[in-house]
Amino acid sequence: MMFAPVARLLLELVGKECTARGVITTEQLPHAIQELRRAADGAASHGASDAQDPDPDSSDDDNAPDGPPIGLSQRAYPLIELLEWTRKDDGFILWEAAKDF
């Protein structure tokens, strides 16, 4: 499960459209892993946090984040791990959402 803004960012990095239903085929897995690793490594080395939680400028103290912003590498790692497990099993990734995102 992922929030739509994070899913959109990660899927766009691997060249996928953010439609309600989609697939990363077995043949596309190596490229997807490579692109996510490249983006995550680049973000980590530059201290970037491109995938922060939405609305970081909110002045409402009740909605203030409890810690530092969550960066792209932290968001991408679970998906990279899932893609690697799937590649080892010769599988593919499917997703389905309520609507395009």
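Residues numbered from 1 in each chain as written. Predicted model: local features only at pLDDT ≥ 70, side-chain atom pairs only at ≥ 80, totals over all residues. Heavy atoms only, no water.

Draft legend 1. Just the overall build of the chain, in detail. Each helix and strand counted, the chain has 3 helices and 2 strands in total. Sequence-ordered secondary structure for the chain, helices as α and strands as β, is α-β-α-α-β. For the chain, the accessible area works out to roughly 7100 Å², and carbon and sulfur atoms hold 51% of it. (Helix = DSSP H or I, 4+ residues; strand = E, 2+ residues; numbered from the N terminus. Areas by Shrake-Rupley, 256 points an atom, 1.4 Å probe, with all protein chains shown as cover.)

Draft legend 2. Spotlight on the pairing of strand β1 (residues 21–24). Only one face of β1 is buried: it carries G22 and I24, and the other face, with R21 and V23, is open. Here β1 pairs with strand β2 (residues 93–96) via 4 bridges, running antiparallel. Following the sheet pairing, V23 is matched in β2 by L94. (Buried < 20%, exposed > 50% of the residue type's maximum accessible area, 1.4 Å probe, protein only. Pairing = 2+ DSSP bridges.)

Draft legend 3. Examining the environment of D89 more closely. Within the secondary structure layout, D89 lies in the loop between α3 (72–88) and β2. Each C-alpha atom, one on D89 and one on T26, is 9.5 Å from the other, the two residues being 63 residues apart in sequence.

Draft legend 4. Molecular detail of the environment of C18. Relative to the helices and strands, C18 is located in the loop between α1 (4–13) and β1. What makes C18 buried here is its relative accessible area of 9%. Placed 79 residues apart in sequence, C18 and A97 show a C-alpha to C-alpha distance of 9.6 Å. With sequence-adjacent residues up to four places away left out, C18 is seen in contact with R8, L11, E12, D100 and F101. (Contact = heavy atoms within 4.5 Å.)

Draft legend 5. Representation of the nonpolar core. Judged by nonpolar contacts, the single largest core of 22 residues is most densely connected at L10, L11, I24, L36, L83 and F101. Not counting residues up to four positions away in its chain, the partners in contact with F101 are A4, A7, R8, L11, C18, T19 and W95. (Core = buried A, V, L, I, M, F, W, Y, C linked by side-chain atoms within 4.5 Å.)

Draft legend 6. Structural detail: the confidence of the model for the chain. With 80% of its residues at a pLDDT of 70 or more, the chain shows a mean pLDDT of 85. The least confident element of the chain, judged by mean pLDDT, is helix α2 (residues 29–46) at 90; the most confident is β1 at 98. Confidence over residues 48–59 falls short of pLDDT 50; this stretch has 20 contacts with residues more than four positions distant or in other chains. (pLDDT = per-residue confidence, 0-100.)

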